[in-house]
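The residues making up each chain are set out below.
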Amino acid sequence: MAIQTVGIIGAGTMGNGIAQACAVSGIDVVMVDISEAAVQKGLATVAGSLDRLIKKEKISEADKSAALARIKTSTSYDDLKSAQLVIEAATENYELKVKILKQLDTLLAQDVIVATNTSSISITQLAAATQRADKFIGMHFFNPVPMMALVEIIRGLQTSDATHDAVKALSEKLGKSPITVKNAPGFVVNRILVPMINEAFQVLSEGTASAEDIDAGMKLGCNQPIGPLALADMIGLDVCLAVMEVYLKEFGDSKYRPCFLLREMVAAGRLGRKTGQGVYTY
């Protein structure tokens, strides 16, 4: 299937980033959110991002105008009917996502592929809530979407080869480097990344090194662009804790037990950049 129009549910950070990636690559986009203010904010974010690319001489003013012209905004799911693929990029909440997927089932033709940008919810479980389980897939972009090359393509137990191949082809058209992943908690990247962050908290709690030296060590010794503790502050300590708790529950393995210091900092409301204080003060 040739995907020429992509519907996107959610105009927030991930949704507008996906919209930009599609539009710049010549794909028509229908970006939907619950209010006109939300979709206009998302469109303004795309415009600002394209302006930065112009300043860096990576695109021209004409490229920007062409990309923006490809993005249609709406507050109605009815406008998604023209899409061959709809990507759900709403808040990371299972009940909300199921509600959206059931709405899509009543609107979209049976051959339309539906993808979710979830970073943690089971693809197999979400697929089971739809009437198109074979055409349902995970398409996990990374933030910031226009800059990050990776897309995790997550197959649920029911996902067909044709669905996988169509989404992989689209990812490559967007200039991304997709990897194929089986459905499992955390998929691949977060499965490895968040336990590493948790271990950094363990090292910090034991007094083995300061936060600054832990981060410097991982940046200089492992060539990471940002240290794990600074990254935790960026992600949100509450998010890191929640992910570790999911792993502990789903895998039943004590190696996923959240560090006590991480729990303490979340309990204290020190969640990172969004609260002004986490491991570091902002």
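To be clear, the structure that these remarks concern was listed above.
Presented here is an overview of the structure given in this document.

Rules and cut-offs
Residues numbered from 1 in each chain as written. Predicted model: local features only at pLDDT ≥ 70, side-chain atom pairs only at ≥ 80, totals over all residues. Heavy atoms only, no water. Phe/Tyr/Trp six-rings, centres within 6.5 Å; stacked < 30°, edge-to-face > 60°. Helix = DSSP H or I, 4+ residues; strand = E, 2+ residues; numbered from the N terminus. Expected span 1.5 Å × (residues − 1). Buried < 20%, exposed > 50% of the residue type's maximum accessible area, 1.4 Å probe, protein only. Arc of directions from axis to C-beta. Contact = heavy atoms within 4.5 Å. Pairing = 2+ DSSP bridges. Axes fitted to C-alpha atoms, helices over the stretch in contact; angles between N-to-C directions. Right-handed = clockwise from strand over helix to strand, strands pointing away.

### So, the packing of aromatic side chains
Each aromatic ring pair is specified by the distance between its two centres and by the angle formed by the two planes.
Point 1. What the rule picks out here adds up to 3 aromatic pairs.
Point 2. Arranged with centres 5.6 Å apart and planes meeting at 75°, the rings of Tyr247 and Tyr256 form a pair that is edge-to-face.
Point 3. Through pairs of rings, three or more aromatic residues link up here, namely Tyr247, Phe251 and Tyr256.

### What to know about helix 6 (residues 161–173)
Point 1. For helix 6, with 13 residues, the first-to-last C-alpha span of 18 Å sits near the 18 Å given by 1.5 Å per residue.
Point 2. The complete set of buried residues in helix 6 reads Thr163, His164, Ala166, Val167, Leu170 and Ser171. Around the axis of helix 6, the buried residues are gathered within 165° of arc, so they sit on the same side. Opposite the buried face of helix 6, at more than 90 degrees from it, the exposed residues are Asp161 and Ala162.
Point 3. If you follow the buried residues of helix 6, they end up packed against strand 1 (5–9), strand 4 (85–88), strand 5 (113–116), strand 6 (136–141), strand 7 (150–155) and strand 8 (177–182).

### Concerning the sheet that holds strand 3 (residues 71–74)
Point 1. The mixed open sheet is built from 8 strands, whose spatial order is 3-2-1-4-5-6-7-8. Looking at which strands have only one partner, the edges of the open sheet turn out to be strand 3 and strand 8. On average, adjacent strands in this sheet sit at an angle of 25° to one another, irrespective of strand direction.
Point 2. Relative to strand 7, strand 6 runs antiparallel, the two sharing 4 bridges. What sits directly across from Phe141, in strand 7, is Val151.
Point 3. Contacting strand 2 (28–32) and strand 3, helix 2 (residues 36–55) crosses the sheet at an angle of about 160° to strand 3.

### Considerations on the pairing of strand 7
Point 1. In terms of strand pairing, strand 7 meets strand 8 through 6 bridges, oriented parallel. Note on strand 8: the bridge partner recorded for Val151 is Pro178.
Point 2. For the crossover from strand 7 across helix 6 to strand 8, the handedness is right-handed.

So yeah, pure geometry; function would need other evidence.
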